[in-house]
Amino acid sequence: MIGVWLIGAVFAGGILMYGLTLRSPSWFHREMPSTSEQRRVAQSLENRIITEAYRFRGGLIAGADGIRRTGEDWHLRVTQEEATAWLRVKLPEWLANLDPPARVPTGLGDLQSHFSSGRAWAAGRMDERVYTLSTSVRVDESGVWLVGVRAGIGSLSLPESWGGLGLAGAWAREEAAESSWRIASGHEPLIAGATVRLEDGRRVRVLGARIVPGAVEIECRTEAP
């Protein structure tokens, strides 16, 4: 009887998990703005990031750690609507410029982002199913890291340590650069050293990142060459 109950529980659990894969996340929308509007929003986001990164923020200030910074710390806020627009029209271009180049998996469309309390989601639709990837963010001296990564299909999501990324399918790994896969699995930082070097020699250091409902807020500091 115990064996029968166990078999029944496993069978019922399998049916439930299968049902979850057919159910799209509540925040995933099939109706989105036009491609031209998405491109306008994505380009506006890139322009704003570049403007803020290169903005002159004042003279040199010697920090307690000995690092010279220019002006006071500053913040950047990116909404999920802006992130969705960037995923749709700019991500393919960004992947193509990687070394080695990568691409969005063939047949994956309707890319969208979603920000909730402490967690960011990205999703896309393929063959009428929605594939998802979610993560939290940790910032330290070694870099900006994706932590607690989960992946899944529909409303079913599993941690990376439980093989969640495997739900994305072999097609995702075959078409992604190995470095992108290692970043998604938390084995490499998204931004090494938590700094981005500007063309004029200055560096923008990411001090922290906070994911709030509908947006991600990033605290930055511009350091002297």
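Residues numbered from 1 in each chain as written. Predicted model: local features only at pLDDT ≥ 70, side-chain atom pairs only at ≥ 80, totals over all residues. Heavy atoms only, no water.

Draft legend 1. Main features of the pairing of strand 7 (residues 143-153). Counted residue by residue, strand 7 has 8 buried out of 11 residues, so it is predominantly covered. As consecutive antiparallel partners, strand 6 (residues 129-140) and strand 7 are separated by 2 residues. (Buried < 20%, exposed > 50% of the residue type's maximum accessible area, 1.4 Å probe, protein only. Helix = DSSP H or I, 4+ residues; strand = E, 2+ residues; numbered from the N terminus. Pairing = 2+ DSSP bridges.)

Draft legend 2. Representation of the packing of helix 2 (residues 35-54) against helix 3 (residues 80-89) in the model. Viewed as axis vectors pointing N to C, helix 2 and helix 3 meet at an angle of 110°, and their least axial separation amounts to 8 Å. Classified by the angle their axes make, helix 2 and helix 3 are roughly perpendicular. For the pair formed by helix 2 and helix 3, the contact residues are Thr35, Gln38, Arg39, Val41, Ala42, Leu45, Glu46 and Arg48 on the first element and Glu81, Glu82, Thr84, Ala85, Trp86, Arg88 and Val89 on the second. Grouping the amino acids of the contact of helix 2 with helix 3 by side-chain chemistry returns 6 nonpolar, 3 polar and 6 charged. (Axes fitted to C-alpha atoms, helices over the stretch in contact; angles between N-to-C directions. Parallel < 35°, antiparallel > 145°, perpendicular 65-115°, else oblique. Contact = heavy atoms within 4.5 Å. Nonpolar A, V, L, I, M, F, W, Y, C, P; charged D, E, K, R; others polar.)

Draft legend 3. Structural view of the packing of aromatic side chains. Scanning the model with the defined rule gives 3 aromatic pairs in all. Summarising the aromatic geometry, the rings of tryptophan 27 and phenylalanine 28 are spaced 6.4 Å apart at their centres and angled 65° between planes, so their arrangement reads as edge-to-face. Judged by relative accessible area, tryptophan 27 falls into the buried class, the value being 14%. Put simply, the rings of Trp27, Phe28 and Trp121 touch in pairs and so form one group of aromatic residues. (Phe/Tyr/Trp six-rings, centres within 6.5 Å; stacked < 30°, edge-to-face > 60°.)

Draft legend 4. Highlighting the side chain of glutamine 112. Inspection of the secondary structure puts glutamine 112 in strand 4 (residues 109-116). Apart from residues lying up to four places away in sequence, glutamine 112 is in contact with Trp27, Phe28, His29, Arg30, Met32, Thr84, Leu87, Arg88, Trp121, Ala122 and Ala123.

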